[in-house]
Amino acid sequence: MKEKINFTLHSISLILILGLLAWYFVGTGITAATAFTYMIMVLIVVEITSLALISSTYPESHTSFKIGIIAALFILFGIKTMMPSFFIPISVTLITINFLYNFYSNNKRRKGAFKRRKNKTARF
């Protein structure tokens, strides 16, 4: 059930990102940096919610990757102020990597190949 909620959450975030891009192209008063800032804020909320939902069912490598994505999204705010010319290309790259990984992991989970291993206790 949580996996379905997770997939729905990622699908909604993709629709929101596409909506924000449409708002940027249709609206005349918004800059690209502002649109990407809103996209990053939406993605941070979605990724934290997603991680809270499924961190116990997905493997540790998935959890580590997602924590890295969340950290990179926060780092993008610093890049926006320090190097504004790199903000949009790096944001597009990170958002693309995030969505590709989300749908890859959801498909892999559906096939049953993406499972968390049970912790083995050390025996002496």
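Structure first, text after, so check above.
This is a predicted model, so every value here is computed, not measured.

Participant: Explain the overall build of the protein here, please?
Facilitator: Summing up its helical and strand segments, the protein has 4 helices and 0 strands in all. Moving toward the C terminus, one meets the helices and strands of the protein in the order α-α-α-α. Taking all 124 residues of the protein together, the buried fraction comes to 33%. Long-range pairs, those at least 24 residues apart, make up 72% of the contacts in the protein between residues at least 6 apart in sequence. Of the accessible surface of the protein, which amounts to about 7,900 Å², a share of 70% is contributed by carbon and sulfur atoms.

Participant: Can you walk me through helix H3 (residues 60-82) in this structure?
Facilitator: For an α-helix, the turn length of 3.6 residues means that residues three or four places apart are oriented alike. The end-to-end C-alpha distance of H3, which contains 23 residues, comes to 33 Å, matching closely the 33 Å that a straight helix rising 1.5 Å per residue would cover. All of the buried residues in H3 are His62, Thr63, Lys66, Ile69, Ile70, Leu73, Leu76 and Ile79.

Participant: Explain the packing of helix H2 (residues 32-54) against H3 here, please?
Facilitator: Two elements in contact, H2 and H3, have axes separated by 10 Å at closest approach and are oriented at 155 degrees. Considering their axes alone, H2 and H3 lie roughly antiparallel with respect to each other. Crossing handedness for the pair H2 and H3: left-handed. Residues Ala33, Thr37, Ile40, Met41, Leu43, Ile44, Glu47, Ile48, Leu51 and Ile54 of H2 touch H3, and the partners they reach there are His62, Thr63, Lys66, Ile67, Ile70, Leu73, Phe74, Leu76, Phe77 and Lys80. When grouped by side-chain class, the residues that make up the contact of H2 with H3 number 14 nonpolar, 3 polar and 3 charged.

Participant: Looking at this model, I keep getting lost on the environment of Ile67. Mind explaining?
Facilitator: Checked against the element boundaries, Ile67 lands in helix H3. Separated by 20 residues in sequence, Ile67 and Glu47 have C-alpha atoms that sit 8.7 Å apart.

Participant: Just to check I follow, could you spell out the pattern of salt bridges for this structure?
Facilitator: Close approach of charged atoms allows side chains of opposite charge to pair. Evaluated as defined, the whole model comprises 1 salt bridge. For Glu47, the salt bridge identified is with Lys66, shortest N-O distance 2.9 Å. Highlighted residues: Glu47 in helix H2 and Lys66 in helix H3, separated in sequence by 19 residues. Lys66 shares its class with Glu47; the two are buried.

Participant: What am I meant to see in a nonpolar patch on the surface here?
Facilitator: Taken together, Met82, Met83, Phe86 and Ile90 make up a surface patch of nonpolar side chains, about 420 Å² in accessible area. Checked against the element boundaries, Met82 lands in helix H3.

The rules we used
Residues numbered from 1 in each chain as written. Predicted model: local features only at pLDDT ≥ 70, side-chain atom pairs only at ≥ 80, totals over all residues. Heavy atoms only, no water. Helix = DSSP H or I, 4+ residues; strand = E, 2+ residues; numbered from the N terminus. Buried < 20%, exposed > 50% of the residue type's maximum accessible area, 1.4 Å probe, protein only. Contact = heavy atoms within 4.5 Å. Areas by Shrake-Rupley, 256 points an atom, 1.4 Å probe, with all protein chains shown as cover. Expected span 1.5 Å × (residues − 1). Axes fitted to C-alpha atoms, helices over the stretch in contact; angles between N-to-C directions. Parallel < 35°, antiparallel > 145°, perpendicular 65-115°, else oblique. Left-handed = near helix turned anticlockwise from the far one by under 90°. Nonpolar A, V, L, I, M, F, W, Y, C, P; charged D, E, K, R; others polar. Salt bridge = Lys/Arg side-chain N within 4 Å of Asp/Glu carboxyl O. Patch = residues over 30% accessible without salt bridge, like charges linked within 9 Å, V, L, I, M, F, W, Y side chains within 5 Å.

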